[in-house]
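Read off the chains here:
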Amino acid sequence: LEQLAILEARRDHEDDRRLRYQLLIATGQWEALDGFIEDQWARRAGRSGEELAELALIAAQSRSKRTDAIAIAAVRVDPDNPSVLLRAYSALTCAGLEEQVDEAGSWIMRAAELSGDDGPVRMASLQELLNGSPAWNERVGIAIKALATG
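Please read these numbers as outputs of a predicted model, since none were measured by experiment.

Draft legend 1. Spotlight on the overall build of the protein chain. Looking only at helices and strands, the protein chain features 8 helices and 0 strands. Listing each helix as α and each strand as β along the protein chain from the N terminus yields α-α-α-α-α-α-α-α. Expressed as lengths along the three principal axes of its C-alpha atoms, the size of the protein chain is roughly 55 × 45 × 25 Å. Per-residue burial over the protein chain gives 31% buried out of 150 residues. The contacts of the protein chain with a sequence gap of at least 6 include a subset with a gap of at least 24, amounting to 51%. Distance from the positive charge centre (17 side chains) to the negative charge centre (25 side chains) of the protein chain: 4 Å.

Laid out in structure tokens, this is it:
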């Protein structure tokens, strides 16, 4: 982390920030992660919607008091990006805050409207979901067997 701090002192780059939070999580430095979230919140004007949405997910996982504000900020920066909308909504649901942010429900619908055939959100009828269930169950079974056998 010391070498990363030297690099961060010279530049402000998204890859460096991503590496920092990954290292903080991997090494279990939860208080430092909280500080990182607060620092990024203070610098939110210089962050993309994608980066803020990612930060919102991290904040939700760490139970940060900033989760809702960061998710809202992400959507404000990039309101037409289905990935941002989906991740901001996911952060709120992960933190149990989706009902406290009035517009959150519209984010998932907007993400579906803006998504192409390959996602990140795909609209489907209940019948389409039921028709796809056997194939999905088969994929889950294969994944479980692969995990079990190593």
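Here the narrative resumes.
Draft legend 2. Structural context of the confidence of the model for the protein chain. Summarising the model, the protein chain shows a mean pLDDT of 92, and 100% of its residues fall at 70 or more. Element-level mean pLDDT values for the protein chain span from 84 in helix H8 (residues 126–149) up to 98 in helix H5 (residues 67–77).

Draft legend 3. Broad picture of the pattern of salt bridges. Per the counting criterion, the structure on display carries 14 salt bridges. For Arg87, the salt bridge goes to Glu50, with nearest N and O atoms at 2.1 Å. Separated by 37 residues along the polypeptide, Arg87 in helix H6 (residues 82–95) and Glu50 in helix H4 (residues 49–61) bring together distant segments of the chain. Judged by relative accessible area, Arg87 falls into the buried class, the value being 19%. Residue Glu50 is classed as partly exposed on the basis of its relative accessible area of 30%. Because the salt bridges share partners, they merge into one network encompassing Glu14, Asp15, Arg18, Glu50, Glu54 and Arg87.

Draft legend 4. Region of interest: the side chain of Thr67. On the secondary structure map, Thr67 appears in helix H5. Taking the relative accessible area as the measure of exposure, Thr67 reaches 1% and is therefore buried. From its side chain, Thr67 meets the backbone oxygen of Ala59 in a polar contact 3.3 Å long. Contacts of Thr67, omitting those with residues within four sequence positions, involve Ala56, Ala59, Ala60, Ala91, Leu92, Ala95 and Leu97.

Draft legend 5. Local environment of the packing of helix H3 (residues 30–42) against H4. For the pair H3 and H4, interaxial distance at closest approach is 11 Å and the crossing angle is 150°. For the element pair H3 and H4, the recorded crossing hand is left-handed. Within the contact between the two elements, H3 uses Leu33, Phe36, Ile37, Gln40 and Trp41 and H4 uses Glu51, Leu55, Ile58 and Ala59. Looking at the contact of H3 with H4, its residues break down into 7 nonpolar, 1 polar and 1 charged.

Draft legend 6. Fine view of a nonpolar patch on the surface. A cluster of nonpolar side chains, contributed by Leu126, Leu129 and Leu130, occupies part of the molecular surface with about 330 Å² of accessible area. Of note, Leu129 is situated in helix H8. The class of Leu129 is exposed, set by a relative accessible area of 54%.

Parameters at a glance
- Residues numbered from 1 in each chain as written.
- Predicted model: local features only at pLDDT ≥ 70, side-chain atom pairs only at ≥ 80, totals over all residues.
- Heavy atoms only, no water.
- Helix = DSSP H or I, 4+ residues; strand = E, 2+ residues; numbered from the N terminus.
- Buried < 20%, exposed > 50% of the residue type's maximum accessible area, 1.4 Å probe, protein only.
- Contact = heavy atoms within 4.5 Å.
- Lys, Arg positive; Asp, Glu negative; His and termini not counted.
- Charge placed at Lys NZ, Arg CZ, Asp CG, Glu CD.
- pLDDT = per-residue confidence, 0-100.
- Salt bridge = Lys/Arg side-chain N within 4 Å of Asp/Glu carboxyl O.
- Polar contact = N/O pair within 3.5 Å; in protein donor to acceptor, adjacent residues only side chain to side chain.
- Axes fitted to C-alpha atoms, helices over the stretch in contact; angles between N-to-C directions.
- Left-handed = near helix turned anticlockwise from the far one by under 90°.
- Nonpolar A, V, L, I, M, F, W, Y, C, P; charged D, E, K, R; others polar.
- Patch = residues over 30% accessible without salt bridge, like charges linked within 9 Å, V, L, I, M, F, W, Y side chains within 5 Å.
- Areas by Shrake-Rupley, 256 points an atom, 1.4 Å probe, with all protein chains shown as cover.

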